[in-house]
Amino acid sequence: MAFSRDTPIYSQIADDIRRQILECTARAGDRLLSTTEYAATYRINPATAAKAFNILEAEGLVEKRRGLGVYVTESAHAVLLERRRSRFYDDVVVPCVAEGYRLGLTIDEVLAAVARAAEHLSEKDTTHE
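Residues numbered from 1 in each chain as written. Predicted model: local features only at pLDDT ≥ 70, side-chain atom pairs only at ≥ 80, totals over all residues. Heavy atoms only, no water.

Engineer: Help me understand the packing of helix α2 (residues 35-42) against helix α3 (residues 46-58) in this model?
Structural biologist: The relative placement of two packed helices comes down to the angle between their axes together with the axis-to-axis distance. Relative to each other, α2 and α3 sit at 125°, their axes nearing to 8 Å. Regarding the angle of α2 to α3, the classification is oblique. As for the relative orientation of α2 and α3, their crossing is right-handed in sense. Contacts between α2 and α3 involve T35, Y38 and A39 on the former and, on the latter, P46, A49, A50 and F53. For the contact of α2 with α3, the per-class residue count stands at six nonpolar, one polar and no charged. (Axes fitted to C-alpha atoms, helices over the stretch in contact; angles between N-to-C directions. Helix = DSSP H or I, 4+ residues; strand = E, 2+ residues; numbered from the N terminus. Parallel < 35°, antiparallel > 145°, perpendicular 65-115°, else oblique. Left-handed = near helix turned anticlockwise from the far one by under 90°. Contact = heavy atoms within 4.5 Å. Nonpolar A, V, L, I, M, F, W, Y, C, P; charged D, E, K, R; others polar.)

Engineer: What should I look at first to understand α3 in this one?
Structural biologist: The periodicity of an α-helix, 3.6 residues per turn, causes residues three or four places apart in sequence to face the same way. When the terminal C-alpha atoms of α3 are compared, their 18 Å separation across 13 residues agrees well with the 18 Å that a helix rising 1.5 Å per residue should span. Among all positions of α3, only A49, A52, F53 and L56 are buried. The buried side chains of α3 occupy one side of the element, clustering within an arc of 95° when seen end-on. Buried residues along α3 sit in contact with α1 (9-22), β1 (31-32), α2, β2 (62-65) and β3 (69-72). Looking one or two residues past α3, G60 carries a phi angle of roughly 80°, positive in sign. (Expected span 1.5 Å × (residues − 1). Buried < 20%, exposed > 50% of the residue type's maximum accessible area, 1.4 Å probe, protein only. Arc of directions from axis to C-beta.)

Engineer: What is the right way to read the side chain of R18 from this model?
Structural biologist: Structurally, R18 can be placed in helix α1. Sequence-distant contacts of R18, defined by excluding residues within four places in its chain, comprise I55, L56, E59, L61, L80 and R83.

Engineer: What's the story with the pairing of β2 in this structure? I'm lost.
Structural biologist: Pairing analysis gives four bridges linking β2 to β3, with the strands arranged antiparallel. Across the sheet, residue V62 finds its bridge partner in β3, namely V72. (Pairing = 2+ DSSP bridges.)

Engineer: Where do I start with the packing of α1 against helix α4 (residues 76-102) in this structure?
Structural biologist: Look at α1 against α4: their axes get within 9 Å of each other, and the N-to-C directions meet at 100°. One way to sum up the angle between α1 and α4 is to call them roughly perpendicular. Between α1 and α4, the contacting residues are R18, I21 and L22 on the first element and A76, H77, L80, L81, R83 and R84 on the second. Considered class by class, the residues forming the contact of α1 with α4 number five nonpolar, one polar and three charged.

Engineer: Looking at this model, I keep getting lost on a nonpolar patch on the surface. Mind explaining?
Structural biologist: Residues Y101, I107 and L111 make up a contiguous nonpolar surface patch of about 300 Å² in total accessible area. Within the secondary structure layout, L111 lies in helix α5 (residues 107-127). (Patch = residues over 30% accessible without salt bridge, like charges linked within 9 Å, V, L, I, M, F, W, Y side chains within 5 Å. Areas by Shrake-Rupley, 256 points an atom, 1.4 Å probe, with all protein chains shown as cover. Salt bridge = Lys/Arg side-chain N within 4 Å of Asp/Glu carboxyl O.)

Engineer: Where do I start with the sheet that holds β2 in this structure?
Structural biologist: Here three strands make up an open sheet; going across it, the order is β1-β3-β2 and the pairing antiparallel. For this open sheet the edge positions go to β1 and β2, each flanked by a neighbour on one side alone. Along the sheet, α3 contacts β1, β2 and β3; its crossing angle with β2, the most-contacted strand, is approximately 115°.

None of this, on its own, says anything about what the molecule does.
Written out as structure tokens, the structure reads:
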């Protein structure tokens, strides 16, 4: 993991763990790197990793087990999916339609573009099976 200078490192760590949970590379019950392991692996201050874990714990995505480490909670994936789904309309649909209108597209043309994208993505999914 290479860190960007634009965003605090603790935020990048938290975002990376959220991504892992959403992509199911970190599943419920999985043990994550400890604060010390993050610090050693990425050459960061342990307090930076601890801040990321504190944020994720407050969100209900991880739980700290004293002496054992940090684990992904049973509900983490569902929590993240629900959060992303609730933001989907405002974060994705509205900007997409607005951009289509700025380009002079009709709603039918915007919907056709979405349908083409969905078809293209489903073709890509079936070629990897």
